[in-house]
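# Notes for the structure review
Each chain, letter by letter, is given below.
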Amino acid sequence: MPHSLDDLFAHNRAWSSQMERERPGFFTNLVKQQTPKYMWIGCSDSRVPANQITGLEPGEVFVHRNVANIVVHSDLNALSAIQFAVERLKVEHIMVVGHYGCSGVQAALEGARIGLADNWLRHIQDVRDRHRVMLDTLPPEARANALCELNVAEQVINVAVSTVMVDAWSRDQKVTIHGWAFGVHDGLIQDLALTVDGTKPLENLYRAAVQRIRYKWGKPPEPAAAAAIEAVKEARDAKEAGEAANGS
Ligand SMILES: [Zn+2]
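Identification of the protein as carbonic anhydrase from Variovorax ginsengisoli is taken from an unreviewed UniProt entry. Under the UniProt heading Catalytic activity (unreviewed entry), the note attached to the protein is "hydrogencarbonate + H(+) = CO2 + H2O". For the record of the protein, the UniProt heading Sequence similarities (unreviewed entry) holds the text "Belongs to the beta-class carbonic anhydrase family."

Right, dumping it as structure tokens:
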């Protein structure tokens, strides 16, 4: 692992010549243009490198990162990146990717003071406050994970309501927004199943996503309650099996 700036340059030269040796013309082709299908909106956290996690090469993913993967309605940086990706590069998928163990989310959850970034993280505190009642019902150790996912859901909607996306969908451009969460602890991406392609009402998708997050991170039911739920499920399955057998 490199430790000095000289090491970084040495590593870079080695990488460049290895690429050219193994795939002659790689950089010549890259110069011509980039045609990524994907745009990644993620956290700046050094443990969440978009290309490495997804196995995508230079030229295959257009990346925008900031602290805690936030898309603010008036953030010209994020909006310009999204516009460039959608209108110029014609990406087909935009993934908003949060990650568990995000210190920005943790600070927002606790209301911890960091400094200037508090004003940025205030957007996540808004998400926290909107779902305060639900978060309070969750086990304390699950709250940061739940808020990480709620933040992803919120930012997916923020991308979806941007003029860039509204205009893209109004001219029938096929672009789909996805909500994902990355596990620093296991290296795996979870699809939060909040997928927006401009055809379904956002409110319904958002509510369903929040419900899933609530159930996912909520306390497991007490044994008696779990048995009752199981009995209801069995009765329903038996009824459906009976109906199917009767052809109704
Ligand atoms: Zn983070």
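Moving on, we get to helix α4 (residues 76–88). When α4 is considered as a whole, its buried residues turn out to be Ala78, Ala81, Ile82, Ala85 and Val86. Mapping the buried residues of α4 onto a view down its axis gives an arc of 120°, with all of them on the same face. In α4, the exposed residues that point more than 90 degrees away from the buried face are Leu76, Asn77, Ser80 and Arg88. If you follow the buried residues of α4, they end up packed against β1 (38–43), β2 (61–66), β3 (93–100), α8 (143–160) and α9 (163–170). Immediately downstream of α4, the backbone of Lys90 shows phi near 55°, a positive value.

In this section: the environment of Asn204. Along the chain, Asn204 falls in helix α10 (residues 202–217). Exposure remark for Asn204: the 9 C-beta atoms within 10 Å place this residue in the exposed category. In this structure the C-alpha to C-alpha distance between Asn204 and Arg128, which are 76 residues apart in sequence, comes to 20 Å.

Once that is clear, we can look at unusual backbone geometry. Non-glycine residue Asn69 carries a positive phi angle of around 40°. When the 31 C-beta atoms within 10 Å are taken as the criterion, Asn69 is described as buried. In this model, Asp172 sits at a positive phi of 65°, which is unusual for a non-glycine residue.

Attention shifts here to the domain arrangement of the protein. In many reports, interface size means the accessible area that the parts give up when they come together. Taken domain by domain, the protein consists of domain 1 (33–217) and domain 2 (222–248). Inter-centroid distance (C-alpha atoms) of domain 1 to domain 2 is 37 Å.

Here we come to the environment of Arg88. In this structure, Arg88 sits in helix α4. The exposure class of Arg88 is exposed, given the 10 C-beta atoms found within 10 Å. Residues Arg88 and Val105 lie 17 residues apart in sequence; the distance between their C-alpha atoms is 32 Å.

This part covers the nonpolar core. Ile94, Val105, Leu147, Val156 and Val159 are the most contacted members of the largest nonpolar core, which has 55 residues in total. For this core, the leading source of residues is α8, giving eleven residues. Filtering out sequence-adjacent residues up to four positions away, Ile94 remains in contact with Met39, Ile41, Ala85, Val159, Val175 and Ile177.

Each value, and the rule that gives it
- Residues numbered from 1 in each chain as written.
- Predicted model: local features only at pLDDT ≥ 70, side-chain atom pairs only at ≥ 80, totals over all residues.
- UniProt positions renumbered as here; feature names shortened; annotations may be inferred.
- Buried ≥ 20, exposed ≤ 12 C-beta atoms within 10 Å, placed from the backbone.
- Helix = DSSP H or I, 4+ residues; strand = E, 2+ residues; numbered from the N terminus.
- Arc of directions from axis to C-beta.
- Contact = placed C-beta atoms within 7 Å.
- Domains from an automatic or database assignment.
- Core = buried A, V, L, I, M, F, W, Y, C linked by C-beta atoms within 7 Å.

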